[in-house]
Amino acid sequence: MAGSLGDDEGNNRGKSLEEYGKVKGEEKEIAPATTSSMNRSGSRPLLDLTGAAIQSNSEERNPTILLPNQSDDISHLALDIGGSLIKLIYFSRHEEHSQDDKRRRSMKKRLGISTGKRRSYPILGGRLHFVKFETGMLNECLDFIASKHLHLGGIDSPSWNSRARYNGNIIIKATGGGAYKYADEFNEKLGISLDKEDEMNCLVAGANFLLKAIRHEAFTHMEGQKEFVQIDQHDLFPYLLVNVGSGVSIIKVDGEGKFQRVSGTNVGGGTYWGLGKLLTKCRSFDELLELSQKGDSSNIDMLVGDIYGGMDYSKIGLSASTIASSFGKTISKSKELSDYRSEDISLSLLRMISYNIGQISYLNALRYGLKRIFFGGFFIRGHAYTMDTISFAVNFWSKGQAQAMFLRHEGFLGALGAFMSYEKHGLDDLMAHQLVERFPMGAPYVGGKIHGPPLGDLNEKISWMEKFIQKGTEITAPVPMAPPGTTGMGGFERPSSRGSTLRSDASAALNIGVLHLVPSLEVFPLLSDPKKYEPNTVDLSDHSELEYWFTVLSEHMPDLVDKAVASEGGTDDAKRRGEAFARAFSAHLARLMEEPAAYGKFGLANLLELREECLREFQFRDAYITIKQRENEASLAVLPDLLLELDGMDEEGRLLTLIEGVLAANIFDWGSRACLDLYHKGTIIEIYRMSRKKMHRPWRVDDFDIFKRRILGSGKNPSYKRALLFVDNSGADVVLGMLPLARELLRYGTEVVLVGNSLPALNDVTANELPEIVAEAAKHCDILRKAAEAGGLIFDAMVNIEDELEKKSTSVPLMVVENGCGGPCIDFRQVSSELAAVAKDADLIILEGMGRALHTNLNARFRCDALKLAMVKNQRLAEKLFRGNIYDCVCRFEPVETS
């Protein structure tokens, strides 16, 4: 869990180390687990960071990183001990095991995918946590390490519970001046020897890794507006890295391990905190920052207008509002320090130092001909005013030619570099597409403060929320603490709009957007141009769009909670978790309404996946499981009659009926309010038949005739070698819509791959559920049965699986793969290795449903033919995309020649 620690945890840390189990004495009785390839080299801890990736929303200043392949119990801790702050990164296990059923083994063998540790969906193996302490509170940091036994492998470590024995000293990687200054304290109180890593090496290594591996790590911030910058890892160097800690180091980075410190200044974060403490009596850096948000520095700073009687000095391009001298007004009045507002002092001090840092950084960039400047360090800590001031300075002096950029993990570059210095870290080849955003909940946030420690345990999360709800206090995500002000910034003109004031990292309410490290995710190989690909059709940066979907999701929440609770048997525990989920997701929505860019580039697909992740966090693994099973049974019961009807038609008539059937069956979507209304008017079969009868052409988008000519124009030869069918909902949608279409393609001699979700989302069908559905359908159809056997979906229970896999079937195979997703949409920049492998021989893609074909990928172009099928079940979307109406049908065919 990232973030600063709250009052309650601080009280716990106040206990002596002896109360935590007499750590120093007990460590002698603890040893690493059984030796393996990942065990220590001597006493140095080794980490399996293969696929290590940050999982965080773009607003979170210290998001968690997950390690999917870490399994060895080892000491896993790294420190950056600076003059003002201690930054700590530690690993915690969060292990789940993916299933390895017959279908997966069959598919892996067919596709030549390794059966080692590669996973087709991001199973969490562990997380990297980011925590910071003021250096003056060293004992608090030591107590924290001791309480979690981080130096001994963590509370979750088998070696801790087994009370085995460590060999030799405990060696922990550390960087920063404090690694030398406080080495004795760590050794005396915890038995830790600090293995000191070079500070500059660590800063650069941490920055290089983040900029190369994380899609939205870097962003610009001007006048309150955040814009994320995608860095081409092949065009990263050279750049200027400005690390703003107690002092400022300016580093020119030319490549991996190639850098030089070219400049710096002793006026940095320590200056701001030191002077601020003397002048305002603030007790913490964060308190000083919060104070600045209420300030007006024009009461302290001397402006050009103060000198020229309110007039501009236009001859040299200075307006009346330009700062002539920071703190200049204080020399012309007979006032004592107590006569000035602490808020004004804090803001003036912040502007003076931020402006100075921005100007010095630009001058160094100019000196070396660099236009990209990355700022990191805990002075910035996500504070909007600080970033705006630095950005304005760089933009002002460079006349717009240079760009100030900031990093999401700005304060942890050194600690991350120290962490990476453990041997065999395996981070070097990590790519941006291997990172998956996830959104776990953090400690409760009320009235501008964190209450209690970061929460990892489900019962803790629920209890904390219930505690505050009972008090009548709403738990919300953090919002700006003060309205936009009129104060200028940074020694030059006031920007026309200051924008909303953001909080520092210490006030983060939700630990949202942990980055999982998933080496098995790949870019979909059939994307026409991955660099130009944007999955989201709906952009939630449009506030009216966000407001609309906020309303839709809020109105749908009671029904979703009912379904989720019912899926868990309606127990009191399920009801409690359901209420907790509703509060947590409402907090996410409230945060986005206040600050649409809080989670980075956030589209509708991201919002819908956030909802699913929030359900899973409160242990609702499949909220619609009962409904899906019931609808599958009802649809399979009438499938034989439908297939008989289809077989009585000629080829052209059958193809049209099949496409009509897909569109008609796509009406069943429990994520749609329109669909929910229909469910009260008839059974699933009655609604399907009614929908089919209303399939009148032309549809809103009608490319059926083009598709028909393409697929039927080649006579007896198959038009397509392999088709990927991205299925949508369970029940009639897949059974009466997509399966009959798959059967027709098999009849043409085309291999068919059904692509389902890796994890449940609403009533979407998953890849795990598809084989059983196909097996039931195959009981009534020889075509499906032979194809399913050939594709490894049906096995003879009496036959050894290896023998079965060796059989050479003459039938065209029907296969199933998972897509790597856990939401109702799909991002083709991150798909499972199974899907990427099977796509290489595909020449037809069929995307079905609003989530996959409209909300995302409507504008996507592929290197093969693509058919996009959906019934529009949302009036706003119908108007926005097609100027149409609800229940309009979309049949868009995109031959590869015109892609």
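Look a little higher up for the structure.
Quick notes on the sheet that holds strand β16 (residues 403–407)
- On the basis of which strands lie adjacent, the open sheet formed by 7 strands has the order β9-β8-β16-β15-β10-β11-β12 and mixed pairing. The sheet is open, and its two edges are formed by β9 (225–229) and β12 (258–265), each paired on a single side. Ignoring strand direction, the axes of neighbouring strands in this sheet form an average angle of 30°.
- Where strand β11 (residues 248–255) meets β12, 7 bridges bridge the pair, whose relative direction is antiparallel. The residue bridging V248 from the neighbouring strand is T265, located in β12.
- Across the face of the sheet, helix α8 (residues 199–213) comes into contact with β8 (218–222), β10 (239–244), β11, β12, β15 (372–376) and β16 while running at roughly 120° to β10.

Focus: the pairing of strand β25 (residues 844–848)
- A large share of β25 lies buried, amounting to 5 of its 5 residues.
- Neither face of β25 is open: one carries L844, I846 and E848, the other I845 and L847, and all of them are buried.
- Pairing between strand β22 (residues 722–726) and β25: 4 bridges, direction parallel. Counted as the bridge partner of F726 is L847 from β25.
- Note: β25 against strand β26 (residues 865–871), 5 bridges, orientation parallel. Bridge pairing links I846 to L867 in β26.
- Regarding topology, helix α29 (residues 850–855) serves as the crossover connection from β25 to the parallel β26, and that connection is right-handed.

Some points on the pairing of strand β24 (residues 814–818)
- Most of β24 is tucked away: 5 of the 5 residues are buried.
- Strand direction decides the pairing type here: strand β23 (residues 751–756) and β24, joined by 5 bridges, are parallel. Within β24, the position partnered with L754 by the bridge is V816.

Description of the pattern of salt bridges
- Within the structure shown, the criterion is met by 39 salt bridges.
- Between D301 and R351 there is a salt bridge whose closest N-O contact spans 3.3 Å. Of this pair, D301 sits in the loop between α10 (285–292) and β13 (302–303) while R351 sits in helix α12 (residues 342–368), placing them 50 residues apart in sequence.
- On the basis of relative accessibility, which here comes to 0%, the residue D301 falls in the buried class.

Conventions adopted
Residues numbered from 1 in each chain as written. Predicted model: local features only at pLDDT ≥ 70, side-chain atom pairs only at ≥ 80, totals over all residues. Heavy atoms only, no water. Pairing = 2+ DSSP bridges. Helix = DSSP H or I, 4+ residues; strand = E, 2+ residues; numbered from the N terminus. Axes fitted to C-alpha atoms, helices over the stretch in contact; angles between N-to-C directions. Contact = heavy atoms within 4.5 Å. Buried < 20%, exposed > 50% of the residue type's maximum accessible area, 1.4 Å probe, protein only. Right-handed = clockwise from strand over helix to strand, strands pointing away. Salt bridge = Lys/Arg side-chain N within 4 Å of Asp/Glu carboxyl O.

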